[in-house]
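# Chain and residue survey
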Amino acid sequence: MSNETPRGNNFDHWLDSYAARANTLSVSEVRALFAVVSRPEVVSLAGGMPYVAALPRELLEASFDNMMTERGNFALQYGGGQGDLRLRDQIREVMALEGIHASVEDIVITTGSQQGLDLLGGLFLDAGDVVLAESPSYVGALGIFRHYEAHVEHLVTDENGLDPADLEVQIKALRAEGRRIKFLYLVPNFGNPSGVTLTEERRHRIVEICRREHILILEDNPYGLLYFGEKPPVAMRSYEEDCVIYLGSFSKILAPGLRVGYVLAPPAIRDKLVLANESALLSPSTFTQMLISEYLEKSDWQGQINTFRGVYRERRDAALDAMAQYLPNLHTTRPDGGFYLWVTLPEGIDSKAMLPLAVTELVAYTPGTAFYANGGGHENLRISFCYPTPENINLGIKRLATVIQRQTDLLETFGNH
Amino acid sequence: MIPGHQKGQNLRIQVLAGGISHERDISLKSGRRVADALIDAGASVVIREPDEDLLKHIAEDTPDVIWPTLHGASGEDGALREILSLTAVPFVGAGADGARLAWDKSIAKILASRTGIQTPASVTLPKDTFRELDAESVLAQVARHMSFPVVVKPARSGSAQGVTIVEDPAHLSRAMIDAYVYCDVAIIEKYIAGTELAVTVINQGAGPMALPAVEIEPTGGHFGYDERVTAGEVNYYVPARLDQVILDKAAKIAVQIHDELGLRHISRVDLIVDENGVAWFLEVNVAPGLTETSLAPQAILATGATLSEVYLGIAEAARLGRG
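These figures come from a predicted structure and were not determined experimentally. (Residues numbered from 1 in each chain as written. Chains lettered and ligands numbered in written order. Predicted model: local features only at pLDDT ≥ 70, side-chain atom pairs only at ≥ 80, totals over all residues.)

## Concerning the domain arrangement of chain A
All names here are of chain A.
- Along its sequence, chain A is carved into domain 1 (24-48 + 303-411) and domain 2 (67-298).
- A C-alpha centroid distance of 26 Å is found between domain 1 and domain 2.
- Across the boundary between the two partners, domain 1 contributes 28 residues, which contact 26 residues of domain 2.
- For the side of domain 1 that touches domain 2, the secondary structure elements donating two or more residues are α10 (301-326) and β12 (340-344).
- Broken down by element, the side of domain 1 that touches domain 2 gets its largest block of residues, 6 residues, from α10.
- The residue makeup of the side of domain 1 that touches domain 2, split by class, is 13 nonpolar, 10 polar and 5 charged. (Domains from an automatic or database assignment. Contact = placed C-beta atoms within 7 Å. Helix = DSSP H or I, 4+ residues; strand = E, 2+ residues; numbered from the N terminus. Nonpolar A, V, L, I, M, F, W, Y, C, P; charged D, E, K, R; others polar.)

In structure tokens, the structure reads:
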């Protein structure tokens, strides 16, 4: 009889083989609850899915036909690691709308700007490095920083965006502790999840501080062209070329399924990005790049962005109206563009703990905790108004009000623990 | 189709998966795994959502058997099974009555207790009780009555969602709130330290049979939701590393519960064995998880049979009205 200790089955026979950073990847109960949003009975105010139905299908069909006729053999072939030259040239026109004038040589096409962020994380972040970010900050970026074992420090952020005074204080404090700061990560226009836009005056101060302190700014700008009234201030990259890395995307102004984004970086960083991109992908999808290039060449793409603006403006209005109607006492941001409201709940209510109740009531939102790396955000939730119809937004927020009332009653019953 | 597994060649099965519940994702995974195994056995399988078109699909397709792999309220509280029993199509698993009795853990505990099976002392309280009788007084009464630690859990929920182990009476109210977001009734149960076991009972037409018990050893000490769905978080031992006398007792309890509640083709009984070798009944599941990390498939594989063979046997038993 063997004296060997019986070995259990843990369903992962390679558990001992993973890199340490694999521990940064985990499933969560919240993610599981989101499985219900695919049911039509559930109003999802959770995901930030662009309303692609507002994009006339024939526009892309015509682009597809042109592409296959004129460049089909190239579209189906490998491409370069930096991305298609014609598309990079056209991206200059897109960025010009944000005040940026750049060389095609400094643009790198990526598989969504998310991959651009990942490449930058891989190039710059060592374990323990610090990334400075807004409070709250984009969940997808936090995931990348966590995966590269960086430490995110959230900075004070108000209705005018990130506070430069706190930026200075935190830089000093962190450096006094011997910490190494690599990035300041910002979504300056209609931020995800806050909906807040960084003021022009603060942009200049932040650039000045980061230039002086030798900190790279990651200016992530997927929503800048989706303004509902006045245009937001021009991009920081338009007046600072050396310490700003700019990330753009076609996900919100065209379609996320194409997975095309881009990075505009100083030349030395650009070189490394191209090498990293080649290492990761060989080349970003030639097919979708050329499809977008045809679309930009032949379609009224700016008119289409205007259509999107109208759709999202109507939905933002529906969301704010419903908040005023059903939850008039809650504080919410009032974004002038983008996809999101950031709501502050009554004292004591935990948005993450309340989510199962919301699912029971057939409404879903994103708990504020998703947007903090430090455990914060329990008292907040994000409402995405981009995808549901105005009628469903109203219904969803009405249901949300019921959920919050039930949770308030429960907390009052137990003395607001 | 895998050669040698053609017995189910003429069997047409609808697997129901998804639904609106907190366990929808697990249900979808279970449904796909069951469908894969049945297809390997030669059956013709479609996976359906229990939605507004379900009854129409059943009427049009007239499957030989329906297999609900729906977890959470819609699949386990008896409602859907009641409707299925009104169709002419046989279905796998507990009928509506059995599901109702098992779905409410407090009811299942009462029934287990009445048949002489030990179950941890508990208090079952609807949310409204706290509002009507003053929460502080009720909690104080509970704290005087119970010895800590206790386990607070929703009376009707699954996959350990909303479950908290409370060491300190001061944390009881927070745990109650976390349970009540899943269900309006919560159970406060004495915590029993020991070895967690899951005993799957199947009936392929020849009577209920307990499969080898699966021992659960969470690497972090807690078998919560995340541990249940993440490979690597838990070590499972089949058969469990306990004395055979204890395992026989656990098997007997599981079959007894299965019979008492009338759970027909498949169920999973969760037990905990304390340091004295006493097996305590915790709950019984009429729609046990059948995903790649679930307990019931491990028990089946430990018998030397394949999932295809056993699932086909269960489906056939349901079709023939056996079990």
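## Observations regarding the confidence of the model for chain B
Residue and element names in this part refer to chain B.
- Confidence in the prediction of chain B, expressed as mean pLDDT, is 92, and 97% of residues score 70 or more.
- Within chain B, no element has a lower average pLDDT than helix α10 (residues 225-229), which sits at 68, and none a higher one than strand β9 (residues 209-210), at 98.
- Counting interchain partners and residues more than four positions distant, the pLDDT-below-50 stretch residues 1-5 has 8 contacts.
- Here the predicted complex scores 0.91 on pTM and 0.86 on ipTM. (pLDDT = per-residue confidence, 0-100.)

## Details of the interface of chain A and chain B
- Opposite the 28 residues of chain A that make contact, chain B presents 35 residues.
- Mapped by element, the contributors of at least two residues to the side of chain A that touches chain B are α1 (29-33), α11 (351-360) and α12 (390-413) of chain A.
- Per-element accounting of the side of chain A that touches chain B gives the leading share, 5 residues, to α11 of chain A.
- The residue makeup of the side of chain A that touches chain B, split by class, is 17 nonpolar, 7 polar and 4 charged.

## Remarks on the environment of Lys252 of chain A
Residue and element names in this part refer to chain A.
- Turning to its location among the elements, Lys252 is positioned in the loop between β9 (244-249) and β10 (261-264).
- Taking C-alpha positions, Lys252 is 25 Å from Gly377, a pair spaced 125 residues apart along the chain.
- Each residue touching Lys252, except ones within four places of it in the same chain, is listed here: Pro50, Pro222, Tyr223 and Leu226.

## A short note on the domain arrangement of chain B
Residue and element names in this part refer to chain B.
- In terms of domains, chain B is made up of domain 1 (12-92), domain 2 (101-118 + 193-319) and domain 3 (122-190).
- Just the C-alpha atoms count here: the centres of domain 2 and domain 3 sit 25 Å apart.
- Taken together, the contact between domain 2 and domain 3 spans 10 residues of the former and 11 residues of the latter.
- For the side of domain 2 that touches domain 3, the secondary-structure elements that each account for two or more residues are α6 (105-114) and α10.
- With 3 residues, α6 is the single largest residue contributor to the side of domain 2 that touches domain 3.
- By residue class, the composition of the side of domain 2 that touches domain 3 is 3 nonpolar, 3 polar and 4 charged.

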